[in-house]
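Letter by letter, the chains look like this.
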Amino acid sequence: MVAKILAENKRLKDINDIRNSNLERYVDIFSKLNCEIHTMPKTNSVPWRFTVSFESEEEVSEVTKRIRVLGENASNWYSSLKFSFPNCKFPPLNGADYISKRLLNLWVDESLE
């Protein structure tokens, strides 16, 4: 029983190490581009995606296409918060539309290895 727990603990640590390594790789790559990085490595954290935003919808679309051509999974579908809170009058969620069209997500899980 103890051996199984220790083995599972090691497996989870290995998964976490892979995710953090993938996240750091994306940070290195995207820090050279004109974008804002929203997911940074954190101590005692297990990342599940890497998120960046771009200045324009065209730019995020082009980067997404290029990533997919390389065979990587990428998503820039983000539903605006205004659809989750249709009766919200204050504060207005105008910025939600703006940012939802400019986000890019990349997964950092062990499937990238």
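Each remark here, short or long, concerns the structure printed above.
This is a predicted model, so every value here is computed, not measured.

So, about the pairing of strand β3 (residues 103-107). Burial analysis of β3 places four of its five residues in the buried class, the great majority of the element. With five bridges joining them, strand β2 (residues 49-53) and β3 adopt antiparallel strand pairing. Looking at the pairing, R49 lines up with W107 of β3.

In total, this model carries three aromatic pairs according to the counting rule given. Judged by centre distance (5.4 Å) and plane angle (50°), the rings of F30 and F50 are tilted. With F30 in helix α1 (residues 2-30) and F50 in strand β2, this pair connects stretches of sequence that are 20 residues apart. On the basis of relative accessible area, F50 is assigned to the buried category, the value being 0%.

So, on to α1. When the terminal C-alpha atoms of α1 are compared, their 42 Å separation across 29 residues agrees well with the 42 Å that a helix rising 1.5 Å per residue should span. The complete set of buried residues in α1 reads I15, R19, N20, N22, L23, Y26, V27 and F30. Considering only its buried residues, α1 is in contact with β1 (36-37), β2, α2 (57-69) and β3.

It is worth spelling out the nonpolar core at this point. With 15 residues, the main nonpolar core has F30, F50, V52, F54, I67, L104 and L106 as its most contacted residues. At the level of elements, α1, β2, α2 and β3 are the ones that each hand at least two residues to this core. A total of four residues in this core trace back to one element, the largest contributor, which is α1. Residues contacting V52, with those up to four places away along its chain left out, are F30, C35, E36, I37, H38, R102, L103 and L104.

Cut-offs applied
Residues numbered from 1 in each chain as written. Predicted model: local features only at pLDDT ≥ 70, side-chain atom pairs only at ≥ 80, totals over all residues. Heavy atoms only, no water. Buried < 20%, exposed > 50% of the residue type's maximum accessible area, 1.4 Å probe, protein only. Helix = DSSP H or I, 4+ residues; strand = E, 2+ residues; numbered from the N terminus. Pairing = 2+ DSSP bridges. Phe/Tyr/Trp six-rings, centres within 6.5 Å; stacked < 30°, edge-to-face > 60°. Expected span 1.5 Å × (residues − 1). Contact = heavy atoms within 4.5 Å. Core = buried A, V, L, I, M, F, W, Y, C linked by side-chain atoms within 4.5 Å.

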